[in-house]
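Here is how the chains run, residue by residue.
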Amino acid sequence: MSITGVARIFVGRPVHPVGDDGRMALSDHLRELRARILKVAIILLVGLLVSLLFFQQVYDVVYGPLKDARANLPEDSGLDTTQGPAGGLMLYLKLCGFSSVVATSPLWLYQIWAFIVPGLHAREKKWTRVFAAIAGPLFLAGVALGYLTLAKGLEILIGLNPPGLTNLVEFNEYLQFFSRTLLVFGISFEIPLFVVLLNLAGIIEGKTLAAYRPWIIVGTFVFAAIATPSADPFTMTIMAMPMVLLFLISEVIARSNDKRRAKRREALVAAAEA
C-alpha cells in the first residue's frame, strides 16, 4: 500500500456525498470509525513511550498514596511485592499504560466527540465542540480528586487487617486497584456532561430532571458506594458530592436550554400564524 493510501486510512474522509443534515453512508461511517480508532491507538502508544521515559516519576506518583497510607499505620501493617518472573515487566507496562490513558485523555476524548459531531445539526455541533473542550479537563479533575482521596481509603482498608497478620500487597494488584479507582472517578465526572448532551438532543427535559432530582441524588450515592473499590464511606462521599453538584449544574443548563427552545418554538408558531 502506498503512503497516500495509508494517509487516507488515517484521515477517514467520506467517499460518498454527505447530506445537508450530516447523514453519511454506512461505509463512510465505518471508514471514519477506523480512522478514529487508529488515531486513538497512536495517541495511547505515544503516551506509553513517553511514560516509559519518565517511569520513575510516574512510579513515585502511583506509589505515593500507598506510601502515605503506610506512614499512618503500624510498621508491621504490610509489605509490597511483585509476583512471578514477569512481575516487573507487567508493572512497567500496566503503570505506563494507565499513565498514557490519563495523560492523553483530552485527545482521545476529542476523537470520540469528533466521531459523533458529523451526525448532529449545526447548533448541536457548536455546543458539542464546547463540551469536547470541557470533557478532558473534567475527566482529569475526577482523576485528581480520586488520587487525593486514595491514601485515606487505603489507610482505612489496610487498617482493618487483624493484629498479628501482615498485609502482603502484590503491587500489580495495587496498580489495578489504583487505576480502577481513578478511572471510576474520572468517568463519573463525565456523566453530567452526558446528561446535558441528551438534553440538547431533545431526549431529556430539564423538568424531568427536576422531578426525579431526589431519586437521582440517592442513586448518585448508591452508584458511588458501588463504584468506589475501597467501599469506605469517606471515599464514597468524596465522589458523590461533586457528582451531585455537577448534576445540579447540568439541570440548570438543561432547564435554561428548554426555555430557549420553547421561546424559539413560540416565535416560529407566531410567525406561521402571521
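Per chain, residue numbering runs from 1 following the sequence as it is written. Local features in this predicted model are restricted to residues of pLDDT 70 or higher, and side-chain atom pairs are both shown and tallied only at a pLDDT of 80 or more, whereas totals for entire chains, interfaces and linings draw on every residue. The side-chain quantities take in all heavy atoms of the structure and omit both hydrogens and water.

### Re the overall build of the chain
No. 1: Within the chain one finds 11 helices and two strands.
No. 2: Numbering of helices and strands runs from the N terminus; a helix is a DSSP stretch of H or I covering at least four residues, while a strand is a stretch of E covering at least two. Counting from the amino terminus, helix and strand elements in the chain follow one another as α-α-α-β-α-α-α-β-α-α-α-α-α.
No. 3: Within the chain, buried positions represent 38% of all 274 residues.
No. 4: Should any heavy atoms of two residues lie within 4.5 Å, those residues are counted as being in contact. Restricting to contacts in the chain with at least 6 residues of sequence separation, those with at least 24 account for 80%. With a 1.4 Å probe rolled over the protein chains alone, any residue whose accessible area is under 20% of its type maximum counts as buried; one over 50% counts as exposed, and the rest are partly exposed.

### Here's the deal with the confidence of the model for the chain
No. 1: For every residue, the pLDDT score states the predictor's confidence, bounded by 0 at the bottom and 100 at the top. A residue-level look at the chain finds 76% of positions with pLDDT of 70 or above and a mean pLDDT of 76.
No. 2: Ranking the elements of the chain by mean pLDDT puts helix α1 (residues 3-11) last, at 55, and helix α3 (residues 55-71) first, at 84.

### What about the nonpolar core?
No. 1: Ranked by internal contacts, the top residues of the largest apolar core, which has 35 residues, are Val 62, Leu 95, Leu 150, Leu 154, Tyr 174 and Phe 178.
No. 2: When contributions to this core are tallied by element, the ones reaching two or more residues are α3, α4 (87-103), α5 (105-116), α6 (122-159), α7 (171-188) and α8 (191-200).
No. 3: A per-element tally of this core places α6 first, with eight residues.
No. 4: Beyond its immediate chain neighbours, meaning those up to four positions away, Leu 95 contacts Phe 55, Val 58, Tyr 59, Val 62 and Leu 175.
No. 5: By convention a nonpolar core is built from buried Ala, Val, Leu, Ile, Met, Phe, Trp, Tyr and Cys residues, the set being connected through side-chain atoms within 4.5 Å. With seven residues, the next largest nonpolar core counts Val 184, Ala 224, Ala 240 and Met 243 among its residues.

### Observations regarding a nonpolar patch on the surface
No. 1: Put simply, a patch holds well-exposed residues, over 30% relative accessible area, that have no salt bridge, with like charges counted together within 9 Å and Val, Leu, Ile, Met, Phe, Trp or Tyr side chains within 5 Å. For every accessible area listed, the method is Shrake-Rupley and the probe measures 1.4 Å; residues are considered covered only by the protein chains on display. When a carboxyl oxygen of Asp or Glu lies within 4 Å of a side-chain nitrogen of Lys or Arg, that pair is called a salt bridge. Together, Leu 45, Leu 49, Leu 52, Leu 89, Met 90, Tyr 92 and Leu 93 give the surface a local cluster of nonpolar side chains, amounting to about 630 Å² of exposed area.
No. 2: Contributing elements (two or more residues each) for the nonpolar patch: α2 (26-53) and α4.
No. 3: The greatest single-element share of the nonpolar patch, amounting to four residues, is contributed by α4.
No. 4: Along the chain, Leu 45 turns up in helix α2.
No. 5: Classification of Leu 45 by relative accessible area gives partly exposed; the value is 47%.

### Re the pattern of salt bridges
No. 1: By the definition in use, this model includes two salt bridges.
No. 2: Between Glu 205 and Lys 207 there is a salt bridge, with its nearest N and O atoms 3.7 Å apart.
No. 3: Exposure remark for Lys 207: the relative accessible area of 59% places this residue in the exposed category.

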